[in-house]
Amino acid sequence: MILDERTEFCDATALNTGGAGSYLLGDQIDTGGDGINDVSGMFLVIQVDTTATSGGSATVQFHLCSDAAAAIATDGSATYHFSTSAIAVATLVAGYYVCKVALPKGTYERYVGILQTTAVAALTAGKINAFLTQDPFTAKAFPNATNDSISL
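Residues numbered from 1 in each chain as written. Predicted model: local features only at pLDDT ≥ 70, side-chain atom pairs only at ≥ 80, totals over all residues. Heavy atoms only, no water.

A closer look at the overall build of the chain
If you tally the helices and strands in the chain, you get zero helices and nine strands. The burial tally for the chain puts 38% of its 152 residues in the buried class. Partitioning the intrachain contacts of the chain with sequence separation of at least 6 by distance along the chain shows that 84% fall at a separation of at least 24. On the chain, roughly 7900 Å² of surface is accessible, and the fraction owed to carbon and sulfur atoms is 52%. (Helix = DSSP H or I, 4+ residues; strand = E, 2+ residues; numbered from the N terminus. Buried < 20%, exposed > 50% of the residue type's maximum accessible area, 1.4 Å probe, protein only. Contact = heavy atoms within 4.5 Å. Areas by Shrake-Rupley, 256 points an atom, 1.4 Å probe, with all protein chains shown as cover.)

Put into structure tokens, the structure is as follows:
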């Protein structure tokens, strides 16, 4: 699968390590003008790039949101289109797929992005990849290779 930079929210983007709360992650997609209404055939994929850690028992939720402003609101006023359940930090290991889900129908505002909601305890590390694709089932993460690991 080839990814388009314009449909990528996070590319090994660090999770927010602040306390409990909601945070905007990575890049936002500008849909132009009045937003989008037809999302048929599009899927959201969120995958853990680097294992998440916490000094406590953190849980994390990820949300696909849209807003009229590029700095998507974290105060609950953005439009929420999809949310994961609360995920225990121990589950967020490198390579884990948080979701591969069809975009819900509805009206999306101009800017679309990913919010992270942390509860219980702050995260201390972790990175994710998040993107839109038309073919989520061929998405497969591989570790970075070095020249000495390639055999011909």
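The discussion continues.
Details of the sheet that holds strand β1 (residues 8-14)
Here we have four strands laid out as an open sheet, ordered β1-β9-β3-β7, and antiparallel in their pairing. The sheet is open, and its two borders are formed by β1 and β7 (97-102), each paired with just one other strand. Along the sheet, successive strands turn relative to each other by an average axial angle of 15°, direction set aside. In the sheet, strand β3 (residues 43-54) pairs with β7 via five bridges, with the strands oriented antiparallel. Paired with Leu-44 across the strands is Val-101, a residue of β7. (Pairing = 2+ DSSP bridges. Axes fitted to C-alpha atoms, helices over the stretch in contact; angles between N-to-C directions.)

Quick notes on the nonpolar core
Within the largest apolar cluster, 29 residues are counted, with the highest numbers of intra-cluster contacts made by Phe-9, Leu-44, Ile-46, Phe-62 and Ile-114. Of all the elements in the fold, those that place two or more residues in this core are β1, β2 (21-30), β3, β4 (59-67), β7, β8 (111-119) and β9 (123-133). Among residues more than four places away in sequence, those in contact with Ile-114 are Phe-9, Tyr-23, Leu-24, Leu-25, Leu-44, Ile-46, Phe-62, His-63, Leu-64 and Ala-130. Ranked by size, the runner-up nonpolar core spans five residues in total, among them Cys-65, Ile-72, Tyr-111 and Leu-115. (Core = buried A, V, L, I, M, F, W, Y, C linked by side-chain atoms within 4.5 Å.)

Concerning the confidence of the model for the chain
Atom-level detail of predicted coordinates should not be read off regions where pLDDT is low. Looking at the chain, the pLDDT average stands at 88 and 86% of residues meet or exceed 70. Across residues 147-152, where pLDDT falls below 50, the model places zero contacts with residues more than four positions away in sequence or in other chains. (pLDDT = per-residue confidence, 0-100.)

Quick word on the packing of aromatic side chains
In total, this model carries zero aromatic pairs according to the counting rule given. One Lys or Arg, Lys-100, reaches over the ring of Tyr-97 and ends 4.3 Å from the middle of that ring. (Phe/Tyr/Trp six-rings, centres within 6.5 Å; stacked < 30°, edge-to-face > 60°. Lys NZ or Arg CZ within 6 Å of the ring centre and 35° of its normal.)

Some points on unusual backbone geometry
Within the chain, Ala-12 stands out as a residue other than glycine whose phi angle is a positive 55°. Since its relative accessible area comes to 30%, Ala-12 is described here as partly exposed. In this structure, Val-120 takes a positive phi of about 75° despite not being glycine. By the secondary structure assignment, Val-120 is in the loop between β8 and β9. By relative accessible area, Val-120 is classed as exposed at 67%.

Quick notes on the pattern of salt bridges
In total, this model carries one salt bridge according to the counting rule given. Ionic pairing is found between Arg-110 and Asp-30, a salt bridge with its closest N-O pair at 2.8 Å. Of this pair, Arg-110 sits in the loop between β7 and β8 while Asp-30 sits in strand β2, placing them 80 residues apart in sequence. Residue class for Arg-110 comes out partly exposed when judged on its relative accessible area of 31%. For Asp-30, a relative accessible area of 39% puts it in the partly exposed group. (Salt bridge = Lys/Arg side-chain N within 4 Å of Asp/Glu carboxyl O.)

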